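Structural features, examined
So you can see what is in the structure, the chains are spelled out below.
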Amino acid sequence: MALIIEELNRANRVRARYRMEGDRFTLGRGYQNDAIIEDLHADTAHVEILRDENGRYHLRDLDSVNGIQLLRNSRGRPVSYHQIENERVIESGDEIQVGKTHLRLIDSNTPLPPAVPVHSLENILHQLSNPMVAIALLLAMGGSALLLSYLGYARAYEWTLALNLVAGTLLGILLYAAAWAFIGRVVRHDSQFFTHLTIAALGALLYTLWEWFGSLLDYNYALGRLALPLLNFAVLAVLLPTMLWCACYLATNISPRWRLGVALVLPLGFLGLGLSEQITSLSKFHRVPQISTEIKYKSLLWRKPEPLQPFIAGTRTLFDIPVEEREQEPPSDQSDEAEAGTGDSARRAAPNHVAGAAP
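To start, this report covers the structure provided alongside it. (Residues numbered from 1 in each chain as written. Predicted model: local features only at pLDDT ≥ 70, side-chain atom pairs only at ≥ 80, totals over all residues. Heavy atoms only, no water.)

**Side note on the overall build of the protein chain**
For the protein chain, the helix and strand inventory stands at 9 helices and 11 strands. When the 359 residues of the protein chain are sorted by exposure, 31% land in the buried category. Taking all contacts inside the protein chain whose residues are at least 6 apart in sequence as the whole, residues at least 24 apart take part in 55%. About 24,600 Å² of surface is accessible on the protein chain, with carbon and sulfur atoms providing 60% of the total. (Helix = DSSP H or I, 4+ residues; strand = E, 2+ residues; numbered from the N terminus. Buried < 20%, exposed > 50% of the residue type's maximum accessible area, 1.4 Å probe, protein only. Contact = heavy atoms within 4.5 Å. Areas by Shrake-Rupley, 256 points an atom, 1.4 Å probe, with all protein chains shown as cover.)

Structure (C-alpha cells):
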C-alpha cells in the first residue's frame, strides 16, 4: 500500500501525481523535496508526510509561513474547513491547500470506477476536427445560400443585401463555434474549435438545402400554412438536438443522461413555442394576403400542370359563395292597420284638396 499525492489545478483536474512508497515524504518549493511545488506562497520545506508502524499516514506542518488548510474530503466524509495547526492523521480523499496549491491525498488501494468506453462517434468527430474540412463546409454553406437566393429572387437582385446576409450568417457560425470552444477550454482544457465549426457549418448547410427543398415541395404540392411549419419543426427537431449534443459532448463533462436531456429539452422547447405561435396565428384574419415572390422554373415542376381554360372554368366552384335567399315574411296586423289608417287619411284629405282647388 502506498499514498498517492495529486496536485490539482483550479478546475480540480490533476496536474501531477506523486507516489509515496517509504516512511517519509516531503513537499515544498525547495529542490531537495520529494515533490517540488512551483508556488511562491509555499515554503522551501513546507510539509512532510510520515507513516507510522500501523500503516497510518500523518500530515505535519514544518513551521511554514502560510500553514496547511484542510479543504474537504473528496470521498464524501464529513470534514470541516480549518487550519491544520501541527499534525493530522490523513484520511483517503483529503484535499489540502499548501500555499495556494491544492493537493489530494489518496490511498493506493482506493477502488476506481470502471473505464468509460470510447463513444462510437469519436472517430467521426476526430475527422471533423480537420481545419480544411471546417473551412470548406463554411464556404460551401455561404456559397449555397448566395446561389439559392439569387436563383429564386424575382426582382432585381440586390447584391449588397445578400452579401450582408451571408456575412452575418457566417459570423454567427463562427461566434457559435468560438463560444463552445471557450467553454471547452475552461471546462475540459481542450477547445476543439474546428470541430465545433465543422458541426455548425454542416448543420447550417443542411438546413439551407432543406429550405430550398421545402420551397420546392410547396411549389409542387401547395403545402399551405400548416404542413410546411410542421416539416420545418421536424427537420430542426433533428438538426438542433444533434448539434447541441455534439457541443455538450466536446465541451463539457456532464453525464450522458444529462447531455441527452439538455440536447432534447432546450431545442424542442423553443421549437414547440414557435410552432404553437404559428398554429395559433392560422385562425387570425390577415387583411394582406401572403404571397411569394420566389421564382420556380418549369423544370422543377413534378406534376403535370392544369391548362388555363379548364382552371378558369372551375374557379366558380372554388370562389363563388352560395347565398341563401330569405323568404319574405307576411306583414303583421299592426302594419296592416297602419297602412289602412294611412289610406283613409289620404282619402279624406284628397276631397278637401280637390275642393280647395276648385274655383
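Moving on from the coordinates now.
**As for a nonpolar patch on the surface**
On the surface, a nonpolar cluster with roughly 610 Å² of combined accessible area is contributed by L147, Y150, L151, W159, L163 and Y297. At the level of elements, helix 2 (131–151) and helix 3 (159–187) are the ones that each hand at least two residues to the nonpolar patch. Inspection of the secondary structure puts Y297 in the loop between helix 6 (256–281) and helix 7 (308–313). Accessibility expressed as a relative area gives 42% for Y297, which makes it partly exposed. (Patch = residues over 30% accessible without salt bridge, like charges linked within 9 Å, V, L, I, M, F, W, Y side chains within 5 Å. Salt bridge = Lys/Arg side-chain N within 4 Å of Asp/Glu carboxyl O.)

**Structural notes on the layout of surface pockets**
Taken as a whole, the second largest pocket holds about 440 Å³ of empty space. Together, 19 residues line the second largest pocket, and H119, E122, R188, Y249 and R259 are the ones closest to its centre. Of all the secondary-structure elements, those providing two or more residues to the lining of the second largest pocket are helix 1 (122–128), helix 5 (224–251) and helix 6. It is helix 1 that contributes the most residues to the lining of the second largest pocket, 3 residues altogether. (1 Å grid on protein atoms, 1.4 Å probe; cavity = no way out; pocket = protein on both sides within 12 Å on 5 of 7 lines; lining within 4 Å. Points joined across faces, edges and corners; volume = space filled by probe spheres on them.)

**Quick notes on the packing of helix 3 against helix 5**
Packing of helix 3 against helix 5 brings their axes to within 8 Å, and their N-to-C directions diverge by 30°. It follows that helix 3 is roughly parallel to helix 5 by the angle criterion. Facing helix 3, whose interface residues are Y176, W180, I183, G184 and V187, helix 5 presents M243, L244, A247, C248 and A251. Tallied by class, the residues present in the contact of helix 3 with helix 5 amount to 9 nonpolar, 1 polar and no charged. (Axes fitted to C-alpha atoms, helices over the stretch in contact; angles between N-to-C directions. Parallel < 35°, antiparallel > 145°, perpendicular 65-115°, else oblique. Nonpolar A, V, L, I, M, F, W, Y, C, P; charged D, E, K, R; others polar.)

**Here's the deal with the sheet that holds strand 11 (residues 101–107)**
Here we have 6 strands laid out as an open sheet, ordered 2-1-11-10-7-8, and antiparallel in their pairing. The open sheet has two edge strands, strand 2 (14–20) and strand 8 (82–84), and neither has a second partner. Ignoring strand direction, the axes of neighbouring strands in this sheet form an average angle of 30°. Here strand 7 (residues 68–73) pairs with strand 8 via 3 bridges, running antiparallel. (Pairing = 2+ DSSP bridges.)

**Section: the packing of helix 3 against helix 4 (residues 193–221)**
Relative orientation of the contacting elements helix 3 and helix 4 amounts to 140°, with a least axis distance of 8 Å. As for how helix 3 packs across helix 4, the hand of that crossing is right-handed. For the pair helix 3 and helix 4, contact is made by I173, L174, Y176, A177, A178, W180 and A181 and by F193, H196, L197, A200, A201 and A204, respectively. Along the lines of polarity and charge, the residues of the contact of helix 3 with helix 4 split into 12 nonpolar, 1 polar and no charged. (Left-handed = near helix turned anticlockwise from the far one by under 90°.)

**A short note on the pattern of salt bridges**
Counted according to the given criterion, the structure contains 13 salt bridges. We note a salt bridge from R24 to E48, for which the minimum N-O separation is 2.8 Å. Here R24, found in strand 3 (residues 24–28), pairs with E48, found in strand 5 (residues 47–51); they are 24 residues apart in sequence, far enough to count as distant. Across the pair E95 and R72 runs a salt bridge whose closest N-O atoms are separated by 2.7 Å.

**Quick look at the nonpolar core**
Membership of the largest hydrophobic core comes to 25 residues, with the highest contact counts inside it found for L125, I173, W180, L197 and I199. Secondary structure elements with two or more residues in this core: helix 1, helix 2, helix 3, helix 4 and helix 5. Looking at which element gives the most residues to this core, the answer is helix 5, with 9 residues. (Core = buried A, V, L, I, M, F, W, Y, C linked by side-chain atoms within 4.5 Å.)

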